[in-house]
Amino acid sequence: MDFSSWQGAMSTIVGLAVFTLLGVGVRMLMMQTIQQRRERMNRQINERLKTLIAAYRTLGGSFTGQLTVDPTHLRDLRQGADTAGPLDGPVSSERSRRIRDAVEAALADILLLGTEEHCRLAGQAAADLAAGRPIHTADLVISLRSFIRAALDLGPVPGDVIVPLQGPTRGQGAGARGRGEAERAGNKGADGHRQGGGGMGMEIAPGMARNEGDRVV
């Protein structure tokens, strides 16, 4: 720094300005890099939480009924279709197959994005399904619930709250939906037929009255 002459003062000022600009540029570049990394990490955490929350809802969306997962496959359903009942058997088997497919997809997501404990429980459940053994998802659901609440800065479930065992979400089978739609369509057709019959009666009655009048005259 030289302020003994105006040339020295100008060179000093220019040097300080260049140094300041370089420092500000480096600082802005570092801040942008850190911000981008933080945003990328936040997106990854959010996607991970969304996936695990969806898996939690799939594996633990039911508190009543059958809380186990039936490992029966479609080929087994076809073999047992002849011995099943006319209504309840196929619908129940189709619903069990849909539940099993949803549980398998949820287990795959947990094996991809879960913690070490989640992967161990999900791997055991997947191995049991592959071996054809029914599984319970309550332990995995409890582990997922604890992790999700901790990740969202929520406290644990109070000790005085009794949470029953949870099982996979039960969805309405395609057979039941198909029967409901067929029944609604049949009802609409019957109503239309009755309305059409009433209209025809209204049209035919006057003609019959005229014919009878002609015969009387």
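Source: prediction; values computed, not measured.

### Considerations on the environment of Phe-147
One can find Phe-147 in helix H5 (residues 138–151). Put simply, Phe-147 and Gly-114 are 33 residues apart on the chain and 9.5 Å apart in space, counted from C-alpha to C-alpha.

### Regarding unusual backbone geometry
Backbone geometry places Asp-153, a non-glycine residue, at a positive phi of 60 degrees. Mapped onto the elements, Asp-153 comes out in the loop between H5 and helix H6 (174–216).

### Section: H5
Along its 14 residues, H5 runs 20 Å from first to last C-alpha, staying within 8% of the 20 Å computed at 1.5 Å per residue. Restricting attention to buried positions, one finds in H5 the residues Ala-138, Leu-140, Val-141, Ser-143, Leu-144, Arg-145 and Ile-148. Immediately downstream of H5, the backbone of Asp-153 shows phi near 60 degrees, a positive value.

### Here we look at the UniProt feature "transmembrane region" (unreviewed entry) in the protein chain
UniProt's feature table lists "transmembrane region" (unreviewed entry) at residues 6–30, given in the numbering used throughout. With 100% helix and 0% strand, the stretch residues 6–30 has end C-alpha atoms that lie 36 Å from each other.

### Digging into the environment of Arg-57
Its place among the elements puts Arg-57 in helix H1 (residues 6–59). When the C-alpha positions of Arg-57 and Gln-166 are compared, they lie 9.9 Å apart, and in sequence the two are 109 residues distant.

### Regarding the pattern of salt bridges
For the coordinates displayed, the defined rule picks out 6 salt bridges. Its salt-bridge partner being Glu-94, residue Arg-98 comes within 3.2 Å of it at the nearest N-O pair. Placement of both Arg-98 and Glu-94 in helix H3 (residues 88–113) is noted, with a separation of 4 residues, approximately one turn of the helix. Given the relative accessible area of 36%, Arg-98 is considered partly exposed. Put simply, Asp-101 and Arg-100 hold a salt bridge, and the shortest N to O gap is 2.7 Å. Three or more residues are tied together by salt bridges with common partners; here these are Glu-94, Arg-97, Arg-98, Arg-100, Asp-101 and Glu-104.

### Focus on the environment of Gln-166
Among the structural elements, Gln-166 can be located in the loop between H5 and H6. Owing to a relative accessible area of 5%, Gln-166 belongs among the buried residues under this scheme. Gln-166 sits 106 residues away from Gly-60 along the chain, and the two C-alpha atoms are 4.8 Å apart. In this structure, Gln-166 is in contact with Tyr-56, Leu-59, Gly-60, Ser-62, Phe-63, Leu-67, Thr-137, Ala-138, Val-141 and Arg-145, ignoring residues within four places of it in sequence. Within the structure, the side chain of Gln-166 is placed 2.6 Å from the backbone oxygen of Gly-60, a separation counted as a polar contact.

### Things to note about the packing of H1 against H5
At a minimum axis separation of 10 Å, H1 and H5 run at an interaxial angle of 145 degrees. Crossing of H1 over H5 shows left-handed handedness. Together, Arg-48, Leu-49, Leu-52, Ile-53, Tyr-56 and Leu-59 of H1 and Leu-140, Val-141, Leu-144, Arg-145, Phe-147, Ile-148 and Ala-151 of H5 make up the contact between the two elements. Taken together, the residues that form the contact of H1 with H5 break down as 11 nonpolar, no polar and 2 charged.

### Here we look at the confidence of the model for the protein chain
A low pLDDT score tells you not to read the predicted coordinates there in detail. Overall, the predicted model of the protein chain reaches an average pLDDT of 76, with 68% of residues at or above 70. This stretch, residues 84–89, has a pLDDT under 50; its non-local contacts, to residues over four places away or in other chains, come to 4 contacts. In this model, residues 196–217 is a region of pLDDT below 50 whose contacts with residues beyond four sequence positions or in other chains number 0 contacts.

Definitions and cut-offs
Here the residue index of a chain counts from 1 through its sequence in written order. With the structure being a predicted model, the display of local features is reserved for residues of pLDDT at least 70 and the display and counting of side-chain atom pairs for 80 or more, all residues being used for whole-chain, interface and lining totals. Values reported for side chains reflect all heavy atoms of the structure, with hydrogen atoms and water molecules removed beforehand. Numbering of helices and strands runs from the N terminus, with a helix taken as a DSSP run of H or I at least four residues long and a strand as a DSSP run of E at least two residues long. To estimate how far a helix should extend, the number of its residues minus one is multiplied by 1.5 Å. Burial here depends on accessible area, computed with a 1.4 Å probe over protein chains only, as a share of the maximum for the residue type. Under 20% is buried, over 50% is exposed, and the range in between is partly exposed. UniProt positions are given in the numbering used here, feature names are shortened, and annotations may be inferred rather than shown by experiment. Salt bridge, as used here, is a side-chain nitrogen of Lys or Arg placed within 4 Å of a carboxyl oxygen of Asp or Glu. The criterion used for residue contact is that any of the two residues' heavy atoms lie within 4.5 Å. Whenever a nitrogen or oxygen atom comes within 3.5 Å of another N or O atom, the pair is scored as a polar contact, on the condition that within protein one atom can donate a hydrogen and the other can accept it, and that pairs from neighbouring residues in sequence are kept only if both atoms are in side chains. Every axis corresponds to a line fitted to the C-alpha atoms, with the helix fit spanning only the stretch in contact, and the corresponding angles, defined between N-to-C directions, vary from 0 to 180 degrees. Here is the rule for handedness: rotate from the far helix to the near one, and if that takes an anticlockwise turn smaller than a right angle the crossing is left-handed, while a clockwise turn gives right-handed. When residues are sorted by character, Ala, Val, Leu, Ile, Met, Phe, Trp, Tyr, Cys and Pro go into the nonpolar class, Asp, Glu, Lys and Arg into the charged class, and all the rest, Gly among them, into the polar class. As a per-residue measure, pLDDT reflects the predictor's confidence and takes values from 0 up to 100.

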